[in-house]
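Understanding the architecture of this molecule
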Amino acid sequence: MPSSGAPLYNRDVSGLFATPINATTRYCAVYGHPIKHSASPAMQNAGLAALGLNWRYLAFPVHPDQLQACIVGAAAMQFIGLNLTVPHKLLAVELVDALDESARTWGAVNTIRFETQTADGTWTRLADIKEPVTGPIRSHGFNTDADAIVRALRDDLSLEPRGAVVLLLGAGGAGRTAALKLASENVRELFLVNRTRAKAEALALEIRQRHPNVKVAVGYPNASVDLVLNATSLGLRSTDELPFDGLAFQPSRAQAAYDMIYRPAETAFLAAARAAGCRTANGLGMLLYQGAAALELWTGRIPPIDVMRDALQKNVYGP
Ligand code: ATR
């Protein structure tokens, strides 16, 4: 017997779907290791329901040793597509049958679309095939993460990267992608700061080679910046120090601040930036926009972004 007062069932019906699962239900999934904290199923299932699709989005804990078998297995079961998260994104570049330009550029796959070859030889998304699939199926790898950074800056922070001066904190995996993406969007000037200075130096060199029109410096700027972006992991824990040196930089010198962290909703970095008068946004938008782009790749339809945002916010921060 449940203890007195405890609900006998989940009264939150927002997770129920218009169409019950039946023999025609189709599937997408996210693979990660670990996976149980992923907010993607909540976001994607809300999006699928809003589109009126009899599809479901599942989550599987997949060990890296099993990634290849699980991609092949999903293709064999005619899944529509997959998302990949830590630690699979780099590994999958070698495992998919075809690589989109986005995955090649970023050297990482976060979205797979399964496609079949039709009679005229073209590869078509499985979602568009009404009959049982009889032709070969391939896995097509994409990367929707890098575009999501820029969309988050534009939509959530009203910041246009072109011509902007940016201080980027962090030169790990996420920082490198952000720096190269911002450079490809023609920011005017990038200042790179990282605990391990050599990594920032290496990233600066890479940007100078690939984007010679962008000015890059390692260290803090002397003048004001349009954006300060935290791509370090500092802020995930309440005991973390700020991701910048308060003697070398004050948030009042930035117009806007973005934190790639979304849990907690407001890190000490964002709180300091808000107090200093900056426009601020956290990293939830990046999760939303990479997921929306994946849904669009699978369905060919405009993703219901507001529904997906609501579901994501409820899942991450509670109702
Ligand atoms: P991700 O893929 O999320 O970017 P990562 O590649 O491990 O993860 O990068 C983590 C980033 O946070 C790096 O910039 C890292 O700095 P180092 O390159 O010097 O490791 C930064 N970081 C992590 N812990 C930090 C700390 N205690 N102080 C300062 N920076 C830290």
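Note that the structure is predicted; figures quoted are calculated from it, not measured. (Residues numbered from 1 in each chain as written. Predicted model: local features only at pLDDT ≥ 70, side-chain atom pairs only at ≥ 80, totals over all residues. Heavy atoms only, no water.)

Remarks on the confidence of the model for the protein chain
Interpreting fine coordinate detail is not advised for predicted regions of low pLDDT. The predicted model of the protein chain has a mean per-residue pLDDT of 93, with 94% of residues at 70 or higher. Contacts of residues 9–13 to residues separated by more than four positions or lying in other chains number 0 contacts, the stretch itself having pLDDT below 50. (pLDDT = per-residue confidence, 0-100. Contact = heavy atoms within 4.5 Å.)

Concerning the sheet that holds strand S8 (residues 165–169)
Either a parallel or an antiparallel arrangement is found when strands of a sheet pair, and the pairing is made through backbone hydrogen bonds. Strand order in the open sheet made by the 6 strands is S10-S9-S8-S11-S12-S13, with parallel pairing throughout. Each edge of the open sheet is held by one strand with a lone partner, namely strand S10 (215–218) and strand S13 (279–282). Looking at each pair of strands side by side, their axes are set apart by 15° on average, direction ignored. The pairing of strand S12 (residues 254–259) with S13 spans 4 bridges and is classified as parallel. By the bridge assignment for S13, alanine 257 is matched with threonine 280. Against the sheet, helix H4 (residues 145–157) contacts strand S11 (225–230), S12 and S13, and its axis sits at roughly 125° relative to S12. (Pairing = 2+ DSSP bridges. Helix = DSSP H or I, 4+ residues; strand = E, 2+ residues; numbered from the N terminus. Axes fitted to C-alpha atoms, helices over the stretch in contact; angles between N-to-C directions.)

Section: the pairing of S11
Taking burial as the measure, the 6 residues of S11 include 5 buried ones, the bulk of the element. As paired elements, S8 and S11 share 4 bridges and run parallel to each other. From the neighbouring strand, valine 166 faces S11, where its bridge partner is leucine 227. Relative to S12, S11 is paired through 5 bridges, and the arrangement is parallel. The partner of asparagine 230 across the bridge, within S12, is aspartate 259. (Buried < 20%, exposed > 50% of the residue type's maximum accessible area, 1.4 Å probe, protein only.)

Quick look at unusual backbone geometry
That bond from histidine 33 to proline 34 is cis: its omega, 10°, falls within 30 degrees of zero. Within the element layout of this structure, proline 34 appears in the loop between strand S1 (26–32) and helix H1 (40–50). The phi angle at serine 158 is positive, at roughly 50°, despite the residue not being glycine. With respect to the element layout, serine 158 can be found in the loop between H4 and S8. Owing to a relative accessible area of 60%, serine 158 belongs among the exposed residues under this scheme. Positive phi outside glycine occurs at asparagine 186, with the angle close to 65°. You can see asparagine 186 is positioned in the loop between helix H5 (173–184) and strand S9 (189–193). Taking the relative accessible area as the measure of exposure, asparagine 186 reaches 26% and is therefore partly exposed.

Describing the domain arrangement of the protein chain
Interface extent is often summarised as the accessible area lost during association of the parts. In terms of domains, the protein chain is made up of domain 1 (26–143 + 286–317) and domain 2 (147–282). Between the C-alpha centres of domain 1 and domain 2 the distance comes to 29 Å. Opposite the 11 residues of domain 1 that make contact, domain 2 presents 16 residues. A combined buried area of about 1300 Å² lies between domain 1 and domain 2, and 62% of that area is made up of carbon and sulfur atoms. (Domains from an automatic or database assignment. Buried area = accessible area lost by both parts, 1.4 Å probe.)

Section: the site of the ligand
If you check the shell around the ligand, you find Gly170, Ala171, Gly172, Gly173, Ala174, Asn194, Arg195, Thr196, Lys199, Thr232, Ser233 and Leu234 and nothing else. Separating an oxygen atom of the ligand from a side-chain N or O atom of lysine 199 is a distance of 2.7 Å. Contact distances for the ligand include 3.2 Å between an oxygen atom and a backbone N or O atom of serine 233. When isolated, the ligand has an accessible area of 640 Å², and the protein chains bury 64% of it. Taken together, the residues of the shell around the ligand sort by class into 3 nonpolar, 7 polar and 2 charged. (Near = heavy atom within 4 Å. Polar contact = N/O pair within 3.5 Å; in protein donor to acceptor, adjacent residues only side chain to side chain. Areas by Shrake-Rupley, 256 points an atom, 1.4 Å probe, with all protein chains shown as cover. Nonpolar A, V, L, I, M, F, W, Y, C, P; charged D, E, K, R; others polar.)

Comments concerning the pattern of salt bridges
Applying the stated criterion across every chain yields a total of 17 salt bridges. Between glutamate 185 and arginine 154 there is a salt bridge; the shortest N-O distance is 3.1 Å. Remark: arginine 154 occurs in helix H4 and glutamate 185 occurs in the loop between H5 and S9; sequence separation between them is 31 residues. For glutamate 206, the salt bridge identified is with arginine 176, shortest N-O distance 2.8 Å. Taken together, the positions of glutamate 206 in helix H6 (residues 197–210) and arginine 176 in helix H5 put the pair 30 residues apart, joining distant regions of the chain. Each of the salt bridges in this network shares a partner with another, and the network as a whole consists of Asp147, Arg154, Glu160, Lys181 and Glu185. (Salt bridge = Lys/Arg side-chain N within 4 Å of Asp/Glu carboxyl O.)

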